[in-house]
Amino acid sequence: MKGDLLLIIDMQNVYTRGAKWECRDTAGAAKNILRLAQSEKFDEVILTKFIADENARGVWKNYNIENAAVNNDAWSNELLPELEPLAKKFPVIQKSKYSSLKNERVLAACKNARRVFVTGVVAECCVLFTAFDLIDAGIYTVYVTDAVSGLNEEKERAAELTLEGLSPLHVQLMTTNEILQEE
């Protein structure tokens, strides 16, 4: 039987309070991600990191030029310190597009899962794109509402509302506590 996969998307320093791409509650999302990753509820855990593609084309090339200061700052691109222990235990896979599924290793692992639980940042960007790609690939998706952070509460809620329209057939929205209490 296929097991569940916890996908931790781009929990990097650049999204923390006071950083260039600060998200509303990166610290709170990290706390819940740790609870999930340490719970032994998942058969597999994968972390992703957004790292700019040096050979990007089109709008990605422009994106990388505009964000060169972030792309070239090592601290900004590192995982949050509280998640570093997970990086020693689980794979950390680099990606250079919004969706984590653009990386073949991530896609293959997700295809082997019964359900993929999506967490991380940015709710209305990388997390939402990943959820859409999971759904398009036919993979049942669980969006962990309190383990995702966006630029602000309004944008986070917009991402949730978008996914709620696809629930329960393609996706389910759950909290960390609901997942940990699930049998």
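The structure under discussion appears in the preceding block.
Owing to the predicted nature of the structure, the values given are computational and were not obtained by experimental measurement.

A. Here's a closer look at the packing of aromatic side chains. Within this structure, the stated rule accounts for nine aromatic pairs. Between Y98 and F129, the aromatic rings sit 5.0 Å apart at their centres with planes inclined by 55°, giving tilted as the arrangement. Within this pair, whereas Y98 is found in the loop between strand 3 (92–95) and helix 6 (104–111), its partner F129 is found in helix 7 (residues 123–136), the two being separated by 31 residues in sequence. Judged by its relative accessible area of 23%, Y98 falls in the partly exposed class. A residue is classified by how much of its surface remains accessible, and F129, at 41% relative accessible area, is partly exposed. Through a chain of ring-to-ring contacts, three or more aromatic side chains come together here, namely Y15, W21, F50, W60, Y63, Y98 and F129.

B. A look at the pattern of salt bridges. Scanning all chains against the criterion turns up nine salt bridges. When the shortest N-O distance is used, the salt bridge between D4 and R114 registers 3.0 Å. Taken together, the residues span a long stretch of sequence, with D4 in strand 1 (residues 4–9) and R114 in the loop between helix 6 and strand 4 (115–121) at a distance of 110 residues. Of the residues examined, D4 reaches a relative accessible area of 7% and is grouped as buried. Salt bridges linked by common partners bring D4, R114, R115 and E182 together as one network.

Thresholds applied
- Residues numbered from 1 in each chain as written.
- Predicted model: local features only at pLDDT ≥ 70, side-chain atom pairs only at ≥ 80, totals over all residues.
- Heavy atoms only, no water.
- Phe/Tyr/Trp six-rings, centres within 6.5 Å; stacked < 30°, edge-to-face > 60°.
- Helix = DSSP H or I, 4+ residues; strand = E, 2+ residues; numbered from the N terminus.
- Buried < 20%, exposed > 50% of the residue type's maximum accessible area, 1.4 Å probe, protein only.
- Salt bridge = Lys/Arg side-chain N within 4 Å of Asp/Glu carboxyl O.

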